[in-house]
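The primary structure of each chain is shown beneath.
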Amino acid sequence: MPLWQMLALAIMAAIEILNFDLLRPMLDLASPFLYTLFALNYLAAVLVGIDYLVLLLGDPSDPRLADPSYQENNQILVNCHQCCALVSQKSYHCNTCKRCVDEFDHHCVFLNNCIGKRNYSTFFRLLLTMLAHTTLNIAIGLSMCLSLDDSYKWVALTYALLSFVVFLEIAVLAIFHCYLSFVVYKSTLEVLRGDTKKPPRN
Ligand SMILES: [Zn+2]
Ligand SMILES: [Zn+2]
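Anyway, here's the lowdown on the structure attached to this text. Predicted model, so just to flag it, every value in this text is computed and none were measured.

A few points about the overall build of the chain
Looking only at helices and strands, the chain has six helices and six strands in total. Along its sequence from the N terminus, the chain presents helices and strands in the succession α-α-α-β-β-β-β-β-β-α-α-α. A globule of 202 residues ought to have a C-alpha radius of gyration of about 17 Å, yet the chain, at 21 Å, is considerably larger. Seen through its C-alpha atoms, the chain measures out along the principal axes to roughly 65 × 35 × 25 Å. Burial status across the chain gives 26% buried among its 202 residues. A separation threshold of at least 6 residues defines the contact pool for the chain, and within that pool the share at least 24 residues apart is 56%.

Here's the deal with the packing of helix 3 (residues 32-57) against helix 4 (residues 120-147)
As a packed pair, helix 3 and helix 4 sit with axes 8 Å apart at the nearest point and diverge in direction by 150 degrees. When the axes of helix 3 and helix 4 are compared, the pair comes out roughly antiparallel. Here helix 3 and helix 4 pass one another in a crossing that is left-handed. Residue classes in the contact of helix 3 with helix 4 are distributed as 18 nonpolar, six polar and two charged.

Digging into unusual backbone geometry
The backbone phi angle of Cys84 is positive, close to 70 degrees, even though this residue is not glycine. Non-glycine residue Tyr185 carries a positive phi angle of around 55 degrees.

So, how was this worked out
Throughout this description, residue numbers start from 1 for each chain and increase along the sequence as written. As a convention, the first chain written is A and the first ligand written is 1, with the rest following in written order. Reporting in this predicted model follows two pLDDT cut-offs: at least 70 for local features of residues, and 80 or more for side-chain atom pairs to be given and counted; totals over whole chains, interfaces and linings ignore these cut-offs and use all residues. Strands here mean DSSP runs of E at least two residues long; helices mean DSSP runs of H or I at least four residues long; both are numbered from the N terminus. Each radius of gyration reported is based on C-alpha atoms, and the globular scaling rule is 2.2 Å times the count of residues to the power 0.38. With C-beta atoms placed from the backbone, the exposure class of a residue follows from how many other C-beta atoms lie within 10 Å of its own: 20 or more, buried; 12 or fewer, exposed; in between, partly exposed. With C-beta atoms placed from the backbone, a contact is any residue pair whose C-beta atoms sit within 7 Å. Fitted lines through C-alpha atoms serve as axes, helices being fitted only where they are in contact, and the angles separating the N-to-C directions of these axes extend from 0 to 180 degrees. The cut-offs work like this: below 35 degrees is roughly parallel, past 145 is roughly antiparallel, 65 to 115 is roughly perpendicular, and the gaps in between are oblique. By convention the crossing between two helices is left-handed if the near helix lies anticlockwise of the far one by an angle smaller than a right angle, and right-handed if it lies clockwise. Polarity classes work like this: nonpolar for Ala, Val, Leu, Ile, Met, Phe, Trp, Tyr, Cys and Pro, charged for Asp, Glu, Lys and Arg, and polar for all others, with Gly in that last group.

Shown next as structure tokens:
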């Protein structure tokens, strides 16, 4: 497993363990507000987990790699310079995954998988659910920090701080992908290559 993916999983695991550690004092506080935040947070955590697994296990390859007869309207086909496969002109060969990816956006080091046409919407949704999850974590951590006066105060504060670090990273990524999708209509690859403007994603 690559280093960045291990780091991301370790931080998320630490946050979830701290969350579990906060369950007992949360029950003692008997606060309907905190109960609601916890319930919403578990829902967000499940959504994050599902999208993470879908992205981890999904295959964003050009569909022609599995089925050479695959056709899509008006697509120009070319041979990849690296693997020689006949793929869409919009495909790009990922040197990490060593395969052609349909409408390649970027290779995500935290997922160790490519993001392209077939999984971009799931990736975008993952950013939004992670923003919701980390925002709720921060709200829970700070609320409990103000309500508790024993050693759990530090658990709550660490939980909120760790979540804030993840929130900042995800917020930067989400803003960048909103800019790509709704302002310039380009992929990350096209921005890095300085390509000219293209029509919106469909
Ligand atoms: Zn290729
Ligand atoms: Zn890749």
